[in-house]
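# Residue-level structural notes
Spelled out from the first residue to the last, the chains are:
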Amino acid sequence: MTDSAGSRRTGAVASGWGAGRRRRRRWIWAGAVAAAVAAIGAGGAGWAAYVTLSGNITPDEAAAAELARYAGERPPSLVKGARNVLLIGSDSRAGRGNARYGRDSGTERSDTTILLHLAAGRRSATAVSLPRDLMVDVPACRRRDGSRSEPEFTMFNSAFATGGSACTIRTVERLTDIRVDHHVVVDFQGFQKMVDAVDGVRLCLPEPIHDSAAGLRLPAGKVTLDGARALGYVRARKSLGDGSDTERMDRQQRFLGALVNKVQSNGVLLNPAKLYPVLDAATSSLTTDPGLASLRGLYDLVRDLHDIPTEQVRFLTVPREAYVDDDNRDQLVESEARKLFERLRRDAPVTVVRKAPQSASDSHEKSGQDSYTQSDDYDEYRGDDGKPRGKGPGAASDPVSPAPTFRGNTAAEDVCG
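The notes below deal with the structure included here. Along each chain, residues carry numbers from 1 onward, in the same order as the chain's sequence is written. Only residues with pLDDT of 70 or above have their local features reported here, since the model is predicted, and side-chain atom pairs are shown and tallied only from 80 upward, although totals for entire chains, interfaces and linings are computed over all residues. Note that water and hydrogens are dropped before the side-chain values are worked out from all heavy atoms of the structure.

## So, the overall build of the protein
Regarding its fold elements, the protein presents 11 helices and 18 strands. Each residue's exposure class comes from its accessible area (1.4 Å probe, protein chains only) as a fraction of the maximum for that residue type: buried when under 20%, exposed when over 50%, partly exposed otherwise. The 417 residues of the protein split such that 53% are buried. Computed with a 1.4 Å probe, the accessible areas rest on the Shrake-Rupley method; for each residue, only the protein chains presented here act as cover. Per element, the accessible surface of the protein, about 18500 Å² overall, is 51% carbon and sulfur. For helices the rule is a DSSP run of H or I covering at least 4 residues; for strands it is a run of E covering at least 2, with both sets numbered from the N terminus onward.

Below is the structure:
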């Protein structure tokens, strides 16, 4: 990545009956969605429903036009078949249902941003959270009024406030050197609608939550969150845990893992009475790039995801530490961030564990900081089944081997039995 002066700133293997059940569940789920698309798209009232659902999605034409202006500076895609989708949660108070979350100041920031990498062959998916307080280089961007901003070294979430999704995408691409193929923007109301459409999401809470600011009062143990409580759970920060954004992103990742399990369950998409509301909630909640802005486009994305086992759906936060000039801001742990970005860029496996062991050289012990290690257990390039595959894809000198280990979790770990 480059700063405004042009200097460089980088910033388990499934087996047996359980695995067979998961594979059957994935195929049933994919078949249900395929059948729904076919049925909705077939003549008469079905065609009208298809048009309605496709028309619900807002195509982000402005972002597409802005990104086209900078096509020459965008990073190339290195691996055929791999895809990167930027998921943006907007904190806008504008629009129906969003005003309850605060005063509409006429601006919006990215409350949550996740870079989702889908491996070629769809053998795995890796979701990387990008902290909103991360200090980054935001390029000159087109503002909503048509004027252009100046390049600035500032908080990451200001990119969305300045120039919307196009500015955020360009910032992410400069930060990571990873091509963003698609993007999806969801606001508060849209998030709630999608959670409610799947009849809530079950979590296992290690301790009770009493948070007046978020309107949350939850017991320890198994609890099913509806849309409103789910939004409070993933947005709460100051009054839960140590108040750090680290814990907030951990909660978001645990929730997404549980959501992945819920939408893959037979009870959601095999029930005709539930299927249309789910599709209606999902489509009406989204602003996407033009390539995804149709029911067919979204189905193609779902089809890409359907055969990925939950143990290969990984969540982690980009390696970062307290910003040197302000403990309330973040900066990249540059050496580890480069390793992560390089692996995603080259579609190499990423290993996550709940608590990564620290090497002797690590010093990220502060509250709210993550730790990373290069483990001797991963000296060889390993496939997604964990088995050695030699010294890396393409050559023995592959610069992305050996594989580092990052603190994170998988969707399989977030099943609440």
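## Observations regarding the state of the cysteines
Only a pair of cysteine sulfur atoms within 2.5 Å qualifies as a disulfide here. This model, assessed by the stated rule, comprises one disulfide. Between the sulfur of Cys141 and that of Cys167 lies a disulfide, 2.1 Å long from S to S. Taking the sign of the S-S torsion, about 80 degrees here, the bridge from Cys141 to Cys167 comes out right-handed. Here Cys141 is found in the loop between strand 5 (135-138) and strand 6 (152-155), whereas its partner Cys167 is found in helix 4 (residues 158-176), with 26 residues between them in sequence. Each member of the pair, Cys141 as well as Cys167, is classed as buried.

## Re the pattern of salt bridges
A carboxyl oxygen of Asp or Glu within 4 Å of a side-chain nitrogen of Lys or Arg is what we treat as a salt bridge. With the rule as written, the count across this model stands at 13 salt bridges. For the salt bridge of Glu336 with Lys339, the shortest nitrogen-to-oxygen distance reads 3.2 Å. Taken together, the residues Glu336 and Lys339, both in helix 11 (residues 334-345) and three residues apart, mark about one turn of the helix. Lys339 sits in the partly exposed class, given a relative accessible area of 28%.

## Section: helix 4
By this rule the span expected of a helix is its residue count minus one, scaled by 1.5 Å. The terminal C-alpha atoms of helix 4, which comprises 19 residues, lie only 17 Å apart, well short of the 27 Å expected from a rise of 1.5 Å per residue. Taken across its 19 residues, helix 4 has 16 buried, putting it largely inside the fold. Positive backbone phi, at 60 degrees, marks Asp177, one or two positions downstream of helix 4.

## Observations concerning the packing of aromatic side chains
Aromatic pairing here means that ring centres of Phe, Tyr or Trp (its six-membered ring) are within 6.5 Å. Orientation follows from the plane angle: under 30 degrees is stacked, over 60 is edge-to-face, and everything else is tilted. Throughout the structure, instances matching the rule amount to two aromatic pairs. Centre to centre, the rings of Phe191 and Phe255 are 5.7 Å apart; their planes meet at 45 degrees, and the pair counts as tilted. Taken as a pair, Phe191 in helix 5 (residues 188-197) and Phe255 in helix 7 (residues 245-263) lie far apart in primary sequence, 64 residues in all. Comparing Phe191 with Phe255, the two get one shared label, buried. Distance and angle both matter: a charge sits over a ring if NZ of Lys or CZ of Arg is within 6 Å of the ring centre and within 35 degrees of the ring normal. Positioned above the aromatic ring of Phe160, the side-chain terminus of Arg144 is 5.9 Å from the ring centre. The ring centre of Tyr70 lies 3.6 Å from the NZ or CZ of Arg170, which sits over that ring.

## Notes on unusual backbone geometry
The phi dihedral of Arg122 is positive, around 55 degrees, even though this residue is not glycine. The topology assignment puts Arg122 in the loop between strand 3 (110-118) and strand 4 (125-129). One non-glycine residue, Asp347, lies in positive phi territory at about 65 degrees. Turning to its location among the elements, Asp347 is positioned in the loop between helix 11 and strand 16 (351-353).

## Observations concerning the packing of helix 5 against helix 6 (residues 227-235)
The packing of two helices is summarised by the inter-axis angle and the distance between the axes. Orientation is described by axes fitted as lines to C-alpha atoms, over the contacting stretch for helices, and by angles from 0 to 180 degrees between their N-to-C directions. Relative to each other, helix 5 and helix 6 sit at 125 degrees, their axes nearing to 8 Å. When the axis of helix 5 is compared with that of helix 6, the two are oblique. Handedness of the crossing formed by helix 5 with helix 6: right-handed. Residues Phe188, Phe191, Gln192, Val195 and Asp196 of helix 5 pack against Gly227, Ala228, Ala230, Leu231, Val234 and Arg235 of helix 6. Residue type decides the class: Asp, Glu, Lys and Arg count as charged, Ala, Val, Leu, Ile, Met, Phe, Trp, Tyr, Cys and Pro as nonpolar, and the leftover types, Gly among them, as polar. Broken down by class, the residue content of the contact of helix 5 with helix 6 amounts to seven nonpolar, two polar and two charged. Any angle between 65 and 115 degrees counts as roughly perpendicular, while under 35 counts as roughly parallel, over 145 as roughly antiparallel, and the rest as oblique. What makes a crossing left-handed is the near helix being turned counterclockwise from the far one by less than a right angle; a clockwise turn instead makes it right-handed. Two residues form a contact once any of their heavy atoms are found within 4.5 Å.

## Considerations on the side chain of Asp289
Tracing the backbone through its elements, the reader meets Asp289 in the loop between strand 12 (286-288) and helix 10 (295-305). For the buried Asp289, no salt bridge exists, and the shortest N-O distance to an oppositely charged side chain is 7.0 Å, to Arg83. Residues contacting Asp289, with those up to four places away along its chain left out, are Asp60, Asp181, His182 and His183. We treat Lys and Arg as the positive residues and Asp and Glu as the negative residues; His and chain ends play no part in the count.

## Some thoughts on the packing of helix 3 (residues 61-69) against helix 4
The contact between helix 3 and helix 4 brings their axes to 7 Å, and the two run at 40 degrees. Comparing the axis directions of helix 3 and helix 4 gives the class oblique. In this structure, helix 3 crosses over helix 4, and the sense of that crossing is right-handed. In contact with Ala63, Glu66 and Leu67 of helix 3, helix 4 contributes Ser165, Ala166, Ile169 and Arg170.

## Looking at the nonpolar core
Core analysis: the largest hydrophobic core is formed by 39 residues, its most contacted members being Phe191, Leu203, Leu205, Leu218, Leu225, Tyr233 and Phe255. When sequence neighbours within four positions are dropped, the list of residues in contact with Tyr233 reads Leu203, Leu205, Ile209, Leu216, Leu225, Arg251, Arg254 and Phe255. By convention a nonpolar core is built from buried Ala, Val, Leu, Ile, Met, Phe, Trp, Tyr and Cys residues, the set being connected through side-chain atoms within 4.5 Å. In this structure, Cys141, Leu175, Ile178 and Val318 belong to the second largest nonpolar core, which totals 32 residues.

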